[in-house]
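Reading the structure
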Amino acid sequence: MESTNQSLRPITTKLNDLGNIEIGGCDVIDLVEQYGTPLYVIDETTLRSVCRDYKKAFEKYDKMNMMFASKALCTMATSAILHQEGFGFDVVSGGEMYTVYKAGVDMKRVVFNGNNKSYDELSLALELGVGRISVDNFFELALLDEIAKAQNKTVDILLRIAPGIECHTHEYIQTGHLDSKFGFDLTQIDEAIELIINNYTNLRPHGLHAHIGSQIFETKVYHDEIEIFVREIARIKEKYNLVFDEINIGGGLGVKYTEEDCPPSTFEIADVIINSLTESVKKYGTDFPTIFIEPGRSIVSTSGVTLYTIGSSKQVPNGKRYVAIDGGMSDNPRPSMYQARYHAEVGNKKEDVSLQTVTIAGRFCESGDILIKDIQLPELAEGDVLCVYNTGAYNYSMASNYNRVQKPQMVIVNNSKSDIIVNRETLDDLISHDRIPDRLK
Ligand code: LLP
């Protein structure tokens, strides 16, 4: 069965009677007139559809805890929607924790991850009653126990491990291989457990956590990951008589950024995970654990598009034709950071639809600010609207103010209505944290 993460465009995308692209019943040209560009657009139907795919895919496993990795997109409105859809949250900073808290999320359904959480962030997690803290290293075990003792609390934790699985994705987004900055090496788990049993008595461990990488297209890595988890919980039970009945397998499922990408469906992933669990539980003689998954990209990417206005263009003699947009690496740093590829279409009707090869250049003062290299599009002119697909994940959340450009606003569309969910920054926002010391005045 197909799932929404396999779609290149939001599932409500169509060409309307005027020949313009329409998403969530809203003509993108109307959106541009109303809100300006660059504009992040989230299609609520697509977002909810992905959530329902995940729930349906895992419905046959009753010990399932669905979380959303906030790092992919963290706004109060999208958090509220995901909370309504029954998702908990993986947060990795005080900022993400505070955002989901303010969005009304049940903090017991939150897992706090990260390889260098600060004293203040851990204290905030305890104050807000975060459900699980995934402890990454020995330093954090000591720090968290100290904070827990000071607050007279016992904290529910998972141990983050590096399971030693390599997956074939960009090097910067692989996390589960052996020489990783994240988590305890498998050979360090026993020392961590002994410290918890003997010294860190305000920590209550429930299980293990790992994340093996992102934009994953192979399903076998999940099979292998689950087997390692179950093998370890069986070993820990045997050696310490300690029951670990929770495993958090992280996120990672890929999405379709271009026509060539063929990510597996949520249903395929769920089958691999549940089958591997069933096999491993039998092989190692454990009970079925509670499973946490925390996908980010596959939940929000497909629902998001970014609209830009075309400005200048240039033909290099005997070279490329560049067409510039009014955004680029500050609203979407992924092409320059990871050589990520995107698909785009012209949002407004074009009379002449014959295609030519162009390179979409960003507006930032850097040669590497190229959004899409060599894409086939109808002849573009100043004022045309470019609609870039699959920008819901790791675009806004990684946006910067490079060149002191304001971050775009974000709207959500549904049933022909649009609402702002993140305001566009103003010039005054940009200078609001600046101070000129008196002696320089
Ligand atoms: N859990 C943990 C512990 C993670 O570190 C991550 C992502 C996820 C879950 C969610 O993974 P996802 O389902 O989104 O693949 N900025 C990069 C992606 C970095 C992912 C980091 N960790 C990008 O734009 O491709």
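All values derive from a computational prediction rather than experimental measurement.

One pass over the full model with this rule turns up six aromatic pairs. Between the aromatic rings of Phe364 and Tyr402, the centroid separation amounts to 6.2 Å while the plane-to-plane angle is 20°, which identifies the pairing as stacked. Highlighted residues: Phe364 in the loop between strand S17 (355-361) and strand S18 (370-378) and Tyr402 in the loop between strand S19 (385-389) and strand S20 (409-414), separated in sequence by 38 residues. Phe364 sits in the buried class, given a relative accessible area of 5%.

Our next topic: the sheet that holds strand S3 (residues 26-27). Sheet strands line up and pair through hydrogen bonds in the backbone, either parallel or antiparallel. Across the sheet, which stays open at both edges, the three strands sit in the order S1-S2-S3 with antiparallel pairing between neighbours. A single partner strand is all that each edge strand has here, and the edge strands are strand S1 (14-15) and S3. Here strand S2 (residues 21-23) runs beside S3; their pairing, made up of two bridges, is antiparallel. Its bridge partner lying in S3, Ile23 is registered against Cys26.

Turning to the site of the ligand, a few remarks are in order. The local shell around the ligand holds 18 residues, among which Ser214, Gly252, Arg297, Arg334 and Tyr394 are the closest. Separating a nitrogen atom of the ligand from a side-chain N or O atom of Glu294 is a distance of 2.8 Å. Relative to its unbound accessible surface of 580 Å², the ligand loses 92% to contact with the protein. Its residues placed into classes, the shell around the ligand shows six nonpolar, six polar and six charged. When residues are assigned to domains, the shell around the ligand turns out to be shared by domain 1 (4-42 + 304-431) and domain 2 (44-300), each giving three or more.

Another point: the packing of helix H2 (residues 44-57) against helix H3 (residues 76-84). Each pair of packed helices can be described by the angle between their axes along with the distance between the axes. Between H2 and H3, whose axes approach to 10 Å, the crossing angle comes to 40°. Taken together, the axis directions place H2 and H3 in an arrangement best described as oblique. Where H2 crosses over H3, the handedness of that crossing is right-handed. The residues of H3 that touch H2, namely those facing Glu44, Leu47, Arg48 and Cys51, are Thr78, Ile81, Leu82 and Gln84.

Cis geometry is adopted by the peptide bond preceding Pro38, which originates at Thr37 and carries an omega value of -10°. Counting through the fold element by element, Pro38 comes out in the loop between helix H1 (28-35) and strand S4 (39-43). Here the phi dihedral of Asp374 falls at roughly 50°; this positive angle occurs in a residue that is not glycine. You can see Asp374 is positioned in strand S18. Of note in this structure, Arg404 is not a glycine but carries a positive phi near 50°. Relative to the helices and strands, Arg404 resides in the loop between S19 and S20. Taking relative accessible area as the criterion, Arg404 reaches 44% and is therefore assigned partly exposed.

Within a regular strand, side chains alternate between the sheet's two faces. With five bridges joining them, S20 and strand S21 (residues 417-422) adopt antiparallel strand pairing. Each residue of the ladder has a partner; that of Val411, found in S21, is Ile420.

Taken as a whole, the protein chain is organised into domain 1 (4-42 + 304-431) and domain 2 (44-300). With centres defined by C-alpha atoms, the gap from domain 1 to domain 2 works out at 32 Å. Counting from both sides, the interface comprises 30 residues of domain 1 and, opposite them, 34 residues of domain 2. Across the interface of domain 1 and domain 2, roughly 2700 Å² is buried in total on both sides, 56% from carbon and sulfur atoms. At the surface where domain 1 touches domain 2, the tally comes to one salt bridge. Residues Arg341 and Glu260 are paired through a salt bridge, measuring 3.2 Å at the closest nitrogen-oxygen approach. Our enumeration of links across domain 1 and domain 2 arrives at 16 residue pairs in polar contact (both at pLDDT 80 or more). Secondary structure elements with two or more residues in the side of domain 1 that touches domain 2: helix H11 (334-338), S20 and S21. Of all the elements, S20 adds the most residues to the side of domain 1 that touches domain 2, at four residues. Classifying every residue of the side of domain 1 that touches domain 2 gives 15 nonpolar, twelve polar and three charged.

Reading the values: the criteria
Along each chain, residues carry numbers from 1 onward, in the same order as the chain's sequence is written. A pLDDT threshold of at least 70 governs which residues receive local features in this predicted model, and a stricter bar of 80 or more applies before side-chain atom pairs are shown or counted, although totals over entire chains, interfaces and linings include all residues. Calculated side-chain values reflect all of the structure's heavy atoms, with hydrogen atoms and water omitted. Aromatic rings from Phe, Tyr and Trp, taking only the six-membered ring of Trp, are treated as a pair when their centres fall within 6.5 Å; an angle between ring planes under 30 degrees marks them as stacked, one over 60 as edge-to-face, and anything in between as tilted. In DSSP terms, a helix is any run of H or I states spanning at least four residues, a strand is any run of E spanning at least two, and both are numbered starting from the N terminus. Note on exposure labels: buried denotes an accessible area under 20% of the residue type's maximum, exposed denotes more than 50%, and partly exposed covers the range between, all computed with a 1.4 Å probe on protein chains only. A pair of strands is considered paired only if DSSP assigns at least 2 bridges between the two. The cutoff for a nearby residue is simple: one of its non-hydrogen atoms must lie within 4 Å of the molecule or strand. Each polar contact in these results corresponds to two N or O atoms within 3.5 Å; when the atoms are within protein, one needs to be able to donate a hydrogen and the other to accept it, and residues that are neighboring in sequence are counted only if both atoms are side-chain atoms. Here the accessible surface of atoms and residues is derived via Shrake-Rupley with a 1.4 Å probe, and residues count as covered only by protein chains that are part of the display. Just so you know the grouping, Ala, Val, Leu, Ile, Met, Phe, Trp, Tyr, Cys and Pro go in nonpolar, Asp, Glu, Lys and Arg go in charged, and all remaining residues, Gly too, go in polar. All the domain ranges listed were derived from an automatic or database domain assignment. Interaxial angle, 0 to 180 degrees, is taken between N-to-C directions of lines fitted to C-alpha atoms, where a helix line uses only the stretch in contact. Throughout, the term roughly parallel applies to angles under 35 degrees, roughly antiparallel to angles over 145, roughly perpendicular to angles from 65 to 115, and oblique to all others. Rotating anticlockwise by less than a right angle from the far helix to the near helix defines a left-handed crossing, while the corresponding clockwise rotation defines a right-handed one. Contact criterion: two residues are considered in contact whenever any of their non-hydrogen atoms come within 4.5 Å of each other. When two parts are brought into contact, each loses some accessible area as probed by a 1.4 Å sphere; the total of that loss over both is the buried area. Note on definitions: salt bridges are taken to be side-chain nitrogens of Lys or Arg within 4 Å of carboxyl oxygens of Asp or Glu.

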